[in-house]
Amino acid sequence: MDTQLKKENSMQNYFSIQDIDALDRWVDEAIALKKAPLQHKALGMDKTVGLLFFNPSLRTRLSTQKAALNLGMNVIVMNFTGEGWSLEYGDGTVMDQGTSEHVKEAAQVVSQYCDVLAIRAFATLENREEDYQEQVLNSFMQYASIPIINMESATGHPLQALTDAITIVEHTPIHKPKIVLSWAPHPKALPQAVANSFAEMVQRMDADFVITHPVGFELASQITNQVPIEYNQEKALQDADFVYVKNWSAYTDYGQTLQDASWRITAEKMALTNGGKFMHCLPVRRNVVVDDSVIESENSLVIQQANNRTYAAQLVLKKILEATQ
Ligand code: CP
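Here the structure is a predicted model, which means the values were calculated and not measured. (Residues numbered from 1 in each chain as written. Predicted model: local features only at pLDDT ≥ 70, side-chain atom pairs only at ≥ 80, totals over all residues. Heavy atoms only, no water.)

> Looking at this structure, how should I read the overall build of the chain?
Across its full length, the chain holds 13 helices and 10 strands. Computed over the C-alpha atoms, the radius of gyration of the chain is 20 Å, within 12% of the 20 Å expected from 2.2 N^0.38 for a compact globule of 325 residues. The principal-axis extents of the C-alpha atoms in the chain amount to approximately 55 × 50 × 35 Å. Put simply, the chain has 325 residues, and 52% of those count as buried. Across the chain, the fraction of contacts at a sequence separation of at least 24, relative to all contacts at a separation of at least 6, is 78%. Taking the average location of the 27 positive side-chain charges in the chain and that of its 39 negative ones, the two points are 6 Å from each other. (Helix = DSSP H or I, 4+ residues; strand = E, 2+ residues; numbered from the N terminus. Rg over C-alpha atoms; globule rule 2.2 N^0.38 Å. Buried < 20%, exposed > 50% of the residue type's maximum accessible area, 1.4 Å probe, protein only. Contact = heavy atoms within 4.5 Å. Lys, Arg positive; Asp, Glu negative; His and termini not counted. Charge placed at Lys NZ, Arg CZ, Asp CG, Glu CD.)

Structure, rendered in structure tokens:
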């Protein structure tokens, strides 16, 4: 294999958006996969992907399974909550309390059953430093001997962000698009993971990008970098081509929430945009985050986004299989 090809095929883990070497090319490849999803069915023959869920899922679980099946892979799924042993991550811990198995053994054991491992482990929203250290994903990456895929960790959801890039490119107007990431209210404290990865991803696209949220809901500055923040939501929405809506709890006053219905996405607000497309990763709380009239409008892309989850996951699995052949 020549050096350039080896470099292009060198992906071991898909932990974050930073693992995408060329976003434009990845999006093009995903769109090609979507047109002929079974064309690489032989690639995954006799290979097994294990999906470990420490949190609930609909889209991630089913689309990743579908992606693996499209590549001819076997799939093993395990829900840790209520089914798996409670894992210990600390070094040197005297395990005489609630945890039953150390990640050091668990990761090595699972590595013998699978060729690729995908993990979902959300933030606890109790301790920012611990969440941002990504203990679960990093521990599995440290002790497993197989590639790891992030199916939403404490701080990122790179499969969703790749999906969103694919969906935006598929619907991009002729001109450079204006993309707005808007905070919206939610009754529960939610992690920053989706917003973080979306913000990182859009910074790699050719777009005018604005983030709007209430004061105090700034994402981490190492994520947003120089992206303009507009605290007036209606001003931010002016002439937007895409409106990506998501709740997240505070990063600074970590885990704090805000119930402010004035940030809900309504048809009146969407009328300020340039015929803007409404996007949300789902699941979504209707009439809290967004009005029925918006999510059910012809400008809503939420179902197309969910469909593209399969091709984002399939592309990542394909690249990992090619790199480990
Ligand atoms: N968007 C997304 O990750 O959906 P699920 O939580 O249902 O997997």
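> For this particular structure, what's the right way to read the nonpolar core?
Soluble, globular proteins show a tendency: their nonpolar side chains are buried together. One finds Tyr14, Leu162 and Leu181 to be the most contacted residues of the largest nonpolar core, which totals 62 residues. Sorting elements by how many residues they give to this core places helix α13 (residues 302–323) first, with seven residues. Other than its neighbours up to four places away in sequence, Leu162 contacts Tyr14, Ile20, Leu23, Trp26, Ala312, Leu315 and Val316. Phe80, Ala106, Val136 and Ile148 belong to the second largest nonpolar core, which has 19 residues in total. (Core = buried A, V, L, I, M, F, W, Y, C linked by side-chain atoms within 4.5 Å.)

> Explanation requested: the site of the ligand in the structure shown.
Neighbouring the ligand are the residues Ser57, Leu58, Arg59, Thr60, Arg120, His157, Gln160, Cys281, Leu282 and Arg309. Between an oxygen atom of the ligand and a side-chain N or O atom of Arg120, the distance comes to 2.8 Å. Within the side chain of Arg309, an N or O atom sits 3.1 Å from an oxygen atom of the ligand. Taking 250 Å² as the accessible area of the ligand by itself, protein coverage stands at 93%. (Near = heavy atom within 4 Å. Polar contact = N/O pair within 3.5 Å; in protein donor to acceptor, adjacent residues only side chain to side chain. Areas by Shrake-Rupley, 256 points an atom, 1.4 Å probe, with all protein chains shown as cover.)

> Explanation requested: the environment of Glu230 in the structure shown.
Locating Glu230 in the fold gives a position in the loop between α9 (221–224) and α10 (233–237). The partly exposed category is assigned to Glu230, whose relative accessible area is 21%. In this structure, the C-alpha to C-alpha distance between Glu230 and Ile211, residues 19 residues apart in sequence, is 6.2 Å. Other than its neighbours up to four places away in sequence, Glu230 contacts Val210, Ile211, Thr212, His213, Lys235 and Ala236.

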